[in-house]
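A closer look at the structure
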Amino acid sequence: MTLAFQHKLVALSAIVALLLAGPAMAQREVQAGKRPYVHAIGGIAFPQQAGDFTRGRVVEYSPDARDVSVAYRPTSFPSPAELTIYVYPALNASCEQEFVETDRYLSQRDGFTGNASGETHPPMPGFEGVEQHFADYRVAAGAMGFDHPELNSTLWIACMPDDVRVKLRLSYEREDAKAARELPAILFALLDFSGLRKSA
């Protein structure tokens, strides 16, 4: 990994963390080591290595570990990219309303353009028949005070039975958009979310 690549990766990670920041809440970073991290809802296992994807930060936002985010990075992708998966109990809003509020928050961020996409987005593997919402954004070079090229940022939310949400945030360099848009489906095909259809 070159120094320039590392520098971009640090900037991208910082941007993703800022974009995902919401109201102040307790956070605990979990040191899962080489073990799979198993989510309290549905028993979803997030391995340290899933195909070409290496697990990064695991953060618990609730004492019962039911509100969790897990980050992954594609090891061999030519430029920095980060995928963060959230699994959490639904907020006090409908699925569509929650998506609209998240979209509004992102659309108001410095350097962001674009909002809920009108284009058709294929269901993620394992989420066929589930209500899903998708949006794509362009992030101007140098936005939010970090040294980075022009980026794309993707938001996807799936609304599972028993008021459980699965959310994905993907950020990557815009010049690699065509290849990067395939990353979520590749990663999700390597993970087993079937427990969410059975019990929350």
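Throughout what follows, the structure given in this document is the object of discussion. (Residues numbered from 1 in each chain as written. Predicted model: local features only at pLDDT ≥ 70, side-chain atom pairs only at ≥ 80, totals over all residues. Heavy atoms only, no water.)

Okay, the pattern of salt bridges next. Considering all chains together, one arrives at 7 salt bridges under this definition. Taking the shortest distance from any N to any O, the salt bridge between E60 and R28 comes out at 2.7 Å. In this pair, E60 sits in strand β5 (residues 53–60) while R28 sits in strand β1 (residues 28–30), placing the two residues 32 residues apart along the sequence. Among the ionic pairs, R73 bridges to E82, the shortest N-O distance being 2.8 Å. (Salt bridge = Lys/Arg side-chain N within 4 Å of Asp/Glu carboxyl O. Helix = DSSP H or I, 4+ residues; strand = E, 2+ residues; numbered from the N terminus.)

Moving on, we come to unusual backbone geometry. Residues other than glycine seldom take positive phi values, yet D162 does so here, at roughly 60 degrees. In this structure, D162 sits in the loop between β10 (151–160) and β11 (164–173). Within the chain, D163 stands out as a residue other than glycine whose phi angle is a positive 55 degrees. If you trace the backbone, D163 turns up in the loop between β10 and β11.

Of the strand pairs in this sheet, strand β8 (residues 112–113) and strand β9 (residues 131–139) are connected by 2 bridges, and their pairing is antiparallel. Paired with T113 across the strands is R138, a residue of β9. Strand direction decides the pairing type here: β9 and β10, joined by 9 bridges, are antiparallel. Counted as the bridge partner of H133 is I157 from β10. (Pairing = 2+ DSSP bridges.)

Enumeration over the complete set of coordinates arrives at 7 aromatic pairs. With a centroid separation of 6.0 Å and an interplanar angle of 20 degrees, the aromatic rings of Y61 and Y86 are classed as stacked. Placement of the pair is Y61 in the loop between β5 and β6 (68–74) and Y86 in strand β7 (residues 81–89), with a sequence separation of 25 residues. Each of the two residues, Y61 as well as Y86, counts as buried. Centre to centre, the rings of F127 and W156 are 5.2 Å apart; their planes meet at 85 degrees, and the pair counts as edge-to-face. With F127 in the loop between β8 and β9 and W156 in strand β10, this pair connects stretches of sequence that are 29 residues apart. The exposure class of F127 is buried, given its relative accessible area of 0%. What makes W156 buried here is its relative accessible area of 1%. Aromatic rings pair up to connect F46, F127, W156, F188 and F193 into one cluster. The positively charged end of K167 is found above the aromatic ring belonging to Y86, 5.3 Å away from the centroid. (Phe/Tyr/Trp six-rings, centres within 6.5 Å; stacked < 30°, edge-to-face > 60°. Buried < 20%, exposed > 50% of the residue type's maximum accessible area, 1.4 Å probe, protein only. Lys NZ or Arg CZ within 6 Å of the ring centre and 35° of its normal.)

Taken as a whole, this structure holds 1 disulfide when the rule is applied. In this model, C95 is linked to C159 through a disulfide, with the two sulfur atoms separated by 1.3 Å. Linking C95 in helix α2 (residues 95–107) with C159 in strand β10, this pair joins segments that are 64 residues apart in sequence. (Disulfide = S-S within 2.5 Å.)

Most of β10 sits out of view: 10 of its 10 residues are buried. Along β10, one buried face is formed by L151, S153, L155, I157 and C159 and the opposite face, lined by N152, T154, W156, A158 and M160, is buried too. From the end of β10 to the start of β11, which pair antiparallel, there are 3 residues, and D162 there has a positive phi angle of about 60 degrees.

Another point: the environment of I85. Residue placement: I85 occurs in strand β7. Judged by its relative accessible area of 0%, I85 falls in the buried class. Separated by 16 residues in sequence, I85 and S69 have C-alpha atoms that sit 5.5 Å apart. In contact with I85, not counting residues within four places along its chain, are F46, V68, S69, V70, V166, K167, L168, L187, F188, L191 and F193. (Contact = heavy atoms within 4.5 Å.)

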